[in-house]
Structures are given as C-alpha cells and as structure tokens.
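Examining the three-dimensional arrangement
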Amino acid sequence: MKIKVLKFGGTATSTKNNRDYIIEIVKKRKDEKVLIVCSAMGRIGFPYATDTLLSLIEKEKITINEVSRLLSCGEVISGVVLSNDLNKQGIKSYALSIEEAGMHNQSVDNRLILKLFRKYDVLIMPGFLYLNDNNEIRTFARGGSDLSAVICAKSLDLKEVTLYKDVDGIMPYVFPGFKQATEFDFLNYQDALALCSIGYKVIQKEALEYARKNEIEIVIKNYVNDYQGTNIGTNYPSVDIIGVSFSKDSLFVATRKIEKYKKELENCFLEKHLFVKKLTIQKTCLIFQFGINQLQIAKKLVIEKYFSNYIK
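The structure contained in this document is the topic of the report that follows. (Residues numbered from 1 in each chain as written. Predicted model: local features only at pLDDT ≥ 70, side-chain atom pairs only at ≥ 80, totals over all residues. Heavy atoms only, no water.)

**Let's talk about helix H10 (residues 258–271)**
As a reminder of what qualifies: Each helix is a run of DSSP H or I of at least 4 residues and each strand a run of E of at least 2, with the numbering of both proceeding from the N terminus. In a helix, the anticipated span is given by 1.5 Å times the number of residues less one. The rule is simple: take the accessible area with a 1.4 Å probe, protein chains only, and divide by the maximum for that residue type; under 20% is buried, over 50% is exposed, in between is partly exposed. The reported arc concerns the directions from the helix axis to the C-beta atoms and nothing else. We call two residues in contact when some of their heavy atoms are within 4.5 Å.
For H10, with 14 residues, the first-to-last C-alpha span of 20 Å sits near the 20 Å given by 1.5 Å per residue. Buried within H10 are the following residues: Ile258, Tyr261, Lys262, Leu265, Cys268 and Phe269. Down the axis, H10 shows its buried residues gathered within 140° of arc, on one side only. In this structure, H10 carries Lys263, Leu270 and Glu271 as exposed residues pointing more than 90 degrees from its buried face. Packing partners of the buried residues in H10 comprise strand E13 (241–246), strand E14 (250–255), strand E15 (278–282), strand E16 (285–289) and helix H11 (292–306). Residue His273 follows H10 closely and has a positive phi angle near 60°.

**Here's the deal with the packing of aromatic side chains**
Inclusion rule: In this scheme Phe, Tyr and Trp rings, the latter by its six-membered ring, pair at centre separations within 6.5 Å, and the angle between planes marks the pair as stacked below 30 degrees, edge-to-face above 60, and tilted otherwise. Whether a charge sits over a ring depends on NZ of Lys or CZ of Arg being within 6 Å of the ring centre and within 35 degrees of the ring normal.
With the rule as written, the count across this model stands at 15 aromatic pairs. Centroid distance Phe269 to Phe290: 5.1 Å. Interplanar angle 85°. Geometry classified as edge-to-face. One end of the pair, Phe269, is in helix H10; the other, Phe290, is in the loop between E16 and H11, with 21 residues separating them in the sequence. An aromatic cluster is present here, built from Tyr173, Phe175, Phe178, Phe184, Phe246, Phe307 and Tyr310 joined pairwise through their rings. The cationic tip of Lys299 hangs over the ring face of Phe175; the distance from NZ or CZ to the ring centre is 4.9 Å.

**Re unusual backbone geometry**
The phi dihedral of Asp226 falls on the positive side, at around 55°, and the residue is not glycine. Position of Asp226 among the secondary structure elements: in the loop between strand E11 (217–222) and strand E12 (230–233). Even without a glycine there, the phi angle at His273 is positive, about 60°. Residue placement: His273 occurs in the loop between H10 and E15. Look at His273 and you get exposed, because its relative accessible area is 68%.

**Side note on the sheet that holds strand E10 (residues 186–188)**
Applied cut-off: The rule for pairing is simple: two strands pair if DSSP sees at least two bridges between them. Here an angle of 0 to 180 degrees is reported between the N-to-C directions of two axes, which are lines fitted to C-alpha atoms, with helices fitted over the stretch in contact.
Ordered by their spatial adjacency, eight strands build an open sheet running E3-E6-E2-E1-E9-E11-E12-E10, and the pairing between neighbours is mixed. The two strands at the open ends of the sheet, each matched to only one other strand, are strand E3 (93–95) and E10. In this sheet, neighbouring strand axes are inclined to one another by 20° on average, regardless of whether the strands run parallel or antiparallel. Direction of pairing for strand E9 (residues 160–165) relative to E11: parallel, over a ladder of six bridges. Paired with Tyr164 across the two strands is Lys221, which belongs to E11.

**Considering the sheet that holds E13**
Across the sheet, which stays open at both edges, the four strands sit in the order E13-E14-E16-E15 with antiparallel pairing between neighbours. Every other strand in the sheet has two partners, leaving E13 and E15 as the edge strands with one partner each. Across the sheet, the mean angle from the axis of one strand to that of its neighbour is 15°, orientation sign disregarded. The sheet contact formed by E13 and E14 spans five bridges and is antiparallel. In the strand pairing of E14, Val244 is matched with Val253. Packing against the sheet, helix H8 (residues 189–196) makes contact with E13 and E14, and its axis sits at approximately 15° to E13.

**Considering the nonpolar core**
How we decide: Take the buried residues of types Ala, Val, Leu, Ile, Met, Phe, Trp, Tyr and Cys, join any two whose side-chain atoms come within 4.5 Å, and each joined set is a nonpolar core.
If you look at the biggest cluster of nonpolar residues, it comprises 52 residues, and the most contacted ones within it are Val5, Leu35 and Ile218. Not counting residues within four places of it along the chain, the set of residues in contact with Ile218 comprises Val150, Val161, Leu163, Ile203, Ala207, Leu208, Ala211, Thr230, Asn231 and Ile232. Counting 25 residues, the second largest nonpolar core, distinct from the first, contains Ala181, Ile241, Val253 and Leu295.

**With respect to the pattern of salt bridges**
Opposite charge on two side chains lets them pair, provided their charged atoms get close. How we decide: One side-chain nitrogen of Lys or Arg within 4 Å of one carboxyl oxygen of Asp or Glu is enough to make a salt bridge.
Within the structure shown, the criterion is met by 18 salt bridges. Asp20 is the partner of Lys16 in a salt bridge, and the nearest nitrogen-oxygen pair spans 2.8 Å. Taken as a pair, Lys16 and Asp20 lie in helix H2 (residues 16–27) at a separation of four residues, close to a single helical turn. Among the salt bridges present, the one from Asp240 reaches Lys257, with a minimum N-O distance of 3.1 Å. With Asp240 in the loop between E12 and E13 and Lys257 in the loop between E14 and H10, this pair connects stretches of sequence that are 17 residues apart. The network of salt bridges with shared partners includes Lys7, Asp146 and Lys165.

So this is what it looks like as structure tokens:
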C-alpha cells in the first residue's frame, strides 16, 4: 500500500474554490492512498478559524479542557467539509474523528488508519490536535498541523511529507516594496531552523526539529500551483547567509557563519555610512539595530549583496 501524507493549511481549506485545488492534487495521486492533515478554515475573521474561535472566549475564565474542545471544532469542521467535497467528486474519502486519528501526544496508533484505507482512498485527520494521557483533547503550539503531519509520516514509516501552504516555498526574504524573491529549491534542516530563529513562520519550528530527528524530508509547496517548492532534508548543502527579516528598527540576518559575516557586514555598513546602534549576536542570527531611514538602506544593501540570484 503506497501512502502519502499531505498537509493543507487554513487558506487551502477556507473556501470551496480553494478546496477544489486540493481535489485536483488528490486526483494526481490516484495510485496512492492519501492521508490529509487539515487545518481549521481560514484565518481570523473566518467563522471557524482558530483565532476567531479564541475571540469568542476569555481563556482565563474557563478550563483548558473547555478551551481545547472549542479550538478542536475548527479542524473537525474543516475535515468533514473537505471529505464531503471529495466524495462529491467520486473520491472515496472519510474524515477521522480525533479519537479515530489515534494521535496521542507525539505518537500515532495507525492501526485504524491502515484498516480504513482498505475501504477509502483518502482519509482526513484534524491537525493541531492530540489526546493526552487522560484522553483529553489538547493542541500543539501554533502551526501545529505541520507537526501533526510529520508525526503521521513517522508512524507510517514514510520518509517524506508534503506541507501545502499559500506560498511557493521558503524564500530568503519577504519585504514589502522590494523586488520579489524566488524560493530555495533545497534547504538542510539546520538552515531552515536558522530561518525560524529570525521569525520565519512558513513552517513550525517543532515540526522541523521532529523531522530532523527522524530524518523525514519536508516539501513545502503552494496548493494553488503544486510546483516544485522547497525540499528540506539532511544532505543538502548549507547556505552561507540564509535569509533576512526585520522589525521596526532592526535587521535580522540568519547565518551559520556568525564571525565571518559579522565582520563583513559591519565593514559593508561602515562603507555606506550606515550607523549600527546596536549589534546582538545569537547562535545563528545577527541583529543589527538602525535608525528607521537607515534600516531601509541596509535591507536593500544586504539583498543586493547576498541574494541577487534569488531576485525575480
């Protein structure tokens, strides 16, 4: 039995039009069984999005059991609606309950999943959710559907999982007003984790760490076009300067060669008469603090110097 684990985020499940893209992706997998891990529909403002559900309550007024049950509604609704859409297209699909999914803490009892695959071509399980030792519903950290998918791949002895997002892959920078960047074709786990350290949220950090530990390759793709995307794995070469991000007054540079690029960037900024107010050094990150106007110049300088190959 050939099985693929595919995770679809909230944007993909949010509307009928977007779910049609999921259906087309599933149709391409006609010779395989597909386990879909789904997120709640949409983002805040959508009726069943996680943040919308959270806005209905004051978390400190109720128990964690009640909060978790409320949040579970988003993923459960998403799975059942997607199953309905797939079945309408003649694709044998079934949405698993939290209990049927067999996700306990960070392990999956997949016996029921394998049994149901004899009857169904597609199974859909709610991401983000698990049962604790007392069989109470709990949620992983935000972005936890990524972790759910990687755990499922491990439980099924798979070496790859595909996470469908609303981006074409992982890019070295995403700055409004700057030329658009192309995505990395390949990243190793350590470089991807370094991007997490400067605020990249394309993939959950815990999911990356779990995948690295268990040597599960992660593919990041856009559900709209299903292009190649970014592959994250063990044996890909490292990138010297991996990516940049920014806050109101600071430029964050992800690199695993801290000393080399600390000196190089300090000299580069000095030559351009850019005054660094403060430099903070972390394990895989350099944080340069500038005045607001100089920050814009520094961003452009770093992009042109190190990421010209990624500019569209």
